[in-house]
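Per-entry structural report
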Amino acid sequence: MKRKSRVTIRRRRRRDMCKSHEPMPYIPFDLVIEILTRLPAKSLMRFKSVSKLWSSLICSRTFTNRLLRVPSFIQRLYVTLTFLDNSQRKSKLLSSSSSPGSDISTMSSFVVDRDLTTPSMKGYYLSHVLRGLMCFVKEPSVKIYNTTTRQLVVLPDIEESNIIAEDHKNKKIMYRIGHDPVGDQYKVVCIVARSNDEFGELRRYLSEHWVFILGGDKSSGWRKIPCRSPHLPITQILSINGRMHYLAWVQKFDPMLVTFDFSSEEISILQAHEDIRWFKSNPIEYYGKVALLNLSDLKRECTMNLWVMEDVEKNMWSEKTLAVHPSQMDIVKSTSLRVAGTTRNNEVILVPHNIRYTLTGEVIVEPQNTTLLYIFLYDLQKNLMRKVEIKEPPYHTKFWDVVGLDDVENFMYL
Amino acid sequence: MSSNKILLTSSDGESFEIDEAVARKFLIIVHMMEDNCAGEAIPLENVTGDILSKIIEYAKMHVNEPSEEDEDEEAKKNLDSWDAKFMEKLDLETIFKIILAANYLNFEGLLGFASQTVADYIKDKTPEEVREIFNIENDFTPEEEEEIRKENAWTFNE
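Residues numbered from 1 in each chain as written. Chains lettered and ligands numbered in written order. Predicted model: local features only at pLDDT ≥ 70, side-chain atom pairs only at ≥ 80, totals over all residues. Heavy atoms only, no water.

The criterion, for reference: UniProt positions are given in the numbering used here, feature names are shortened, and annotations may be inferred rather than shown by experiment.
Identification of chain B as SKP1-like protein 18 from Arabidopsis thaliana is taken from UniProt. The Subcellular location comment attached to chain B in UniProt states, word for word, "Nucleus".

Chain A goes by F-box domain-containing protein in an unreviewed UniProt entry, where it is assigned to Arabidopsis thaliana.

Here you go:
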């Protein structure tokens, strides 16, 4: 019912909006809050230095929660560019926004409007963005960046981890930011795993799960979470509804669905359906449910496989094969795509990527086909892909990547 | 449809006769009517006549608030344009008074719009200017202030 109350006011010769000499009427603080909640992030950050009261309000959790409820019409796509500048390799992290007024179902172009590159990001790989917070990794080190306040913190090392300390070649470390809706806290989970040194049937894994609470009492540090079945994560991690999910092997080639609840901090493991192909499976959100989207056949046969967890209690899955619309087949045949999450209106974010694997299993990033930046949004129900372009990058390079889509302004102090 | 008239009296004795439909935009009046406190005239102790007349002017234009699904783009644009002109004519002190009055009257639509107007006005201002506008004392020590500015240097530049 509420009409958008944003009106552009021509700020012409408003001689003096303030009548001089007379003190302004006193505005009680709760009405000042009405004004503050309508300010853009940059202004709010600047106004932290107005007074101690304003500073503590702007950083307070109640305030940032209020802001989260004001729907942000602006979606952001984060892009990384790597290019040579005087034979020096440089990487930039850029933020682009959808045009105001366009809503999520019709947005078709984004414009780069912010450069978030900070020297402390150098050498780190941007893993993901969640609710305004970014996770930068340079194994085993991790940094968390708040895209709204631009604060960057280095998390302490997990000194008590046995696996991290080892110099094992098959060590895998993954970090994930998540939100605990019950305690309204942001936490970072670290999963570190490696295989045991046995082969064949005896192959098993060692794993550790660690949790760190952001913005809290720093002295609590990383806490270890017990897990009855050590496992090796084999897919990306999906965060939805206060939980994270991924496929893992307890036993090689036998995929299990692992779920970590950010509130209870419990790990649960379910056997995945035996027909699920784990290779190139991506956990996604499908209309509020956990699902796996498999892209193995996309390039060759223009089909995708979708497994949806319909009932957690009974561990029941449903399966669907999606055939790309004939008019869109050349898109998927000519470009390799990877999954980078889902939007609020259930479109899957597909990002072009050009990587190849060497014989030793290393990943080499090849240049993209074009310097033009774009992604596809795939509507699983209508079975249609639409292209979204990202315009006006400050540099042109064929080495680019789109990290994720986010629409939350988060003012929390890390 | 009944065209009941309601009489409102400002704190400084000015009277305004308006349609019930318009008066219903002010939730404080709705509550008074429900509690049957509304007799002949409704006294509004916390609003002066000049401000009340502006508020009534705005309420009259918004009495038939179009819903989100309303297809009439033209009407919405016209209303937005009228709203912009309405605010443009007002100085900041008046807008502050409108915010206070709209809050007292519980007129959410105008409260939101006026708050947005003030937000747009102050968004590019410096902290000093904001302190002046809201009559706020700077309670930071020079060292503390320097610290915060350093942390947020980017907000002063771009």
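1. Observations concerning the overall build of chain B
Rules: Strands are runs of DSSP state E lasting at least 2 residues, helices are runs of H or I lasting at least 4, and numbering of each runs from the N terminus. For this measure, only C-alpha atoms enter the radius of gyration; the expected value for a globule follows 2.2 Å times N^0.38, where N is the number of residues. Buried means the residue's accessible area, taken with a 1.4 Å probe over protein chains only, is under 20% of the maximum for its type, while exposed means over 50%, and partly exposed covers the values in between. In what follows, a contact means two residues having at least one pair of non-hydrogen atoms within 4.5 Å. We get accessible surface area from the Shrake-Rupley algorithm with a probe of 1.4 Å; when it comes to residues, only the shown protein chains can shield them. His is not counted, nor are the chain ends, whereas Lys and Arg count as positive and Asp and Glu as negative. A single reference atom marks each charge: NZ on Lys, CZ on Arg, CG on Asp, CD on Glu.
A count of helical and extended segments in chain B gives 9 helices and 3 strands. Helices and strands in chain B line up, N terminus first, as β-β-α-α-β-α-α-α-α-α-α-α. For 158 residues, the compact-globule formula gives about 15 Å, and the C-alpha radius of gyration of chain B, at 20 Å, lies well above that figure. Dimensions of chain B, computed from C-alpha atoms along their principal axes, come out at roughly 65 × 40 × 25 Å. Out of the 158 residues in chain B, the part that is buried amounts to 45%. Of the contacts formed within chain B by residues at least 6 apart in sequence, a portion of 58% connects residues at least 24 apart. Surface summary for chain B: the accessible area is close to 8,500 Å², and the carbon and sulfur share equals 45%. Side-chain charges of chain B comprise 15 positive and 39 negative groups, with the mean position of each set lying 5 Å from the other.

2. Quick notes on the pattern of salt bridges
Residues and elements named next belong to chain A. This is how it is decided: Within this document, salt bridges are pairs made up of a side-chain nitrogen of Lys or Arg and a carboxyl oxygen of Asp or Glu, the two lying within 4 Å of each other.
For the structure shown, the criterion picks out 27 salt bridges over all chains. Residue R300 pairs with E301 through a salt bridge whose shortest N-O separation is 3.8 Å. The class for R300 is exposed, based on a relative accessible area of 59%. One salt bridge in this structure joins D311 and K314, with 3.9 Å as the shortest N-O distance.

3. Some details on the sheet that holds strand 18 (residues 289–294) of chain A
Residue and element names in this part refer to chain A. Spelled out, the test is: One requirement defines pairing of two strands: DSSP has to find at least two bridges between them. Where helices are involved, their axes are fitted lines through C-alpha atoms of the stretch in contact, as for all axes, and angles between N-to-C directions lie from 0 to 180°.
Taken in spatial order, the 4 strands of this open sheet run 17-18-19-20, and their pairing is antiparallel. A single partner strand is all that each edge strand has here, and the edge strands are strand 17 (281–286) and strand 20 (316–323). Neighbour to neighbour, the strand axes of the sheet diverge by 25° on average, direction disregarded. With 4 bridges joining them, strand 18 and strand 19 (residues 303–311) adopt antiparallel strand pairing. The partner of N294 across the bridge, within strand 19, is N305.

4. Comments concerning the pairing of strand 2 (residues 88–98) of chain A
Residue and element names in this part refer to chain A. Alignment of strand 1 (residues 76–85) against strand 2, held across 10 bridges, turns out to be antiparallel. Its bridge partner lying in strand 2, Y78 is registered against S95. In this antiparallel pair of consecutive strands, strand 1 and strand 2, the connection spans 2 residues, and N86 shows a positive phi of 55°. As paired strands, strand 2 and strand 3 (residues 109–115) are joined by 5 bridges and run antiparallel to one another.

5. Focus: the sheet that holds strand 4 (residues 125–130) of chain A
Residue and element names in this part refer to chain A. The antiparallel open sheet is built from 4 strands, whose spatial order is 4-5-6-7. The sheet terminates laterally at strand 4 and strand 7 (152–154), the two strands that pair on one side only. Across the sheet, the mean angle separating the axes of adjacent strands is 20° when strand polarity is ignored.

6. Some points on the interface of chain A and chain B
Put simply, the rule is: In this description, buried area is defined as the sum, over both parts, of the accessible area (probe of 1.4 Å) that is lost when the two are combined. Throughout this description, a polar contact denotes any pair of N or O atoms lying within 3.5 Å of each other; where both atoms belong to protein, one of them has to be capable of donating a hydrogen while the other can accept it, and for residues adjacent in sequence the pair is counted only when both atoms sit in side chains. In this classification, Asp, Glu, Lys and Arg are treated as charged, Ala, Val, Leu, Ile, Met, Phe, Trp, Tyr, Cys and Pro as nonpolar, and every other residue, Gly included, as polar.
Taken together, the contact pairs 46 residues of chain A with 56 residues of chain B. Both faces combined, the contact of chain A with chain B buries some 4,900 Å², and carbon together with sulfur accounts for 61% of it. Inspection of the chain A/chain B interface yields 1 salt bridge. In this structure, K52 of chain A engages E144 of chain B in a salt bridge whose closest nitrogen and oxygen atoms are separated by 3.6 Å. At the surface where chain A touches chain B, the tally comes to 9 residue pairs in polar contact (both at pLDDT 80 or more). Looking at the side of chain A that touches chain B, the elements with two or more residues in it are helix 1 (29–36), helix 2 (41–46) and helix 3 (52–59) of chain A. The residue inventory of the side of chain A that touches chain B, partitioned by class, reads 21 nonpolar, 8 polar and 17 charged.

7. Things to note about the environment of R61 of chain A
Residues and elements named next belong to chain A. In this structure, R61 sits in helix 4 (residues 61–69). Relative accessible area serves as the criterion here: at 28%, R61 is assigned to the partly exposed category. In this structure R61 touches D184, Q185 and M412, once residues within four positions along its chain are discounted.

8. Describing helix 6 (residues 108–122) of chain B
Since there are 3.6 residues in each turn of an α-helix, residues three or four apart along the chain are aligned in direction. Going by this rule: Each residue after the first adds 1.5 Å to the expected span of a helix.
With 15 residues, helix 6 of chain B ought to run about 21 Å at 1.5 Å a step, and its terminal C-alpha atoms sit 21 Å apart, in line with that. By the criterion of burial, helix 6 of chain B is predominantly enclosed, with 13 of the 15 residues buried.

9. Some points on unusual backbone geometry
Here the residue pair E139 of chain A and P140 of chain A is connected by a cis peptide bond, since its omega of 0° sits within 30 degrees of zero. You can see P140 of chain A is positioned in the loop between strand 5 (133–138) and strand 6 (141–146). Even without being a glycine, K280 of chain A presents a positive backbone phi close to 65°. Turning to its location among the elements, K280 of chain A is positioned in the loop between strand 16 (267–271) and strand 17. If you check the backbone angles, N106 of chain B has positive phi at about 60° while not being a glycine. Of note, N106 of chain B is situated in the loop between helix 5 (92–105) and helix 6.

10. Brief notes about the packing of aromatic side chains
Geometry of an aromatic ring pair is reported as the spacing of the ring centres plus the angle between the planes. The criterion, for reference: Centres within 6.5 Å make a pair out of two Phe, Tyr or Trp rings, where for Trp the six-membered ring is used; the pair is then stacked when the planes are under 30 degrees apart, edge-to-face when over 60, and tilted otherwise. We call a charge positioned over a ring when the NZ of a Lys or the CZ of an Arg lies within 6 Å of the ring centre and within 35 degrees of the ring normal.
Inspection of the entire model under this criterion finds 21 aromatic pairs over all chains. Centroid distance Y286 of chain A to Y287 of chain A: 4.9 Å. Interplanar angle 80°. Geometry classified as edge-to-face. For Y286 of chain A, a relative accessible area of 10% gives the class buried. Cluster of aromatic residues (ring-pair linked, three or more members): F26, Y58, W82, F86, F107 and F113 of chain B. Looking at K387 of chain A, its charged tip hangs above the ring of Y374 of chain A, at a distance of 4.5 Å from the centre.

11. Regarding the nonpolar core
Just so we agree on the cut-off: Nonpolar cores are built from buried Ala, Val, Leu, Ile, Met, Phe, Trp, Tyr and Cys residues. Side-chain atoms within 4.5 Å join them into one set.
Among the nonpolar cores identified, the biggest contains 61 residues, and L8, F26, I55, L110, V118, I122 and F134 of chain B are the most heavily contacted of them. Beyond its immediate chain neighbours, meaning those up to four positions away, V118 of chain B contacts I35 of chain A together with L92, I95, F96, I99 and F134 of chain B. Membership of the second largest hydrophobic core comes to 42 residues, among which are F83, V332, F376 and W400 of chain A.

12. Comments concerning the pairing of strand 15 (residues 254–261) of chain A
Residues and elements named next belong to chain A. Among the 8 residues that make up strand 15, 7 are buried, leaving the element largely enclosed by the rest of the structure. Hairpin connection of strand 14 (residues 243–251) to strand 15: 2 residues between the antiparallel strands, including F253 at a positive phi of 70°. Linking two consecutive strands that pair antiparallel, namely strand 15 and strand 16, is a turn of 5 residues; a positive phi of about 60° is found at E265 within it.

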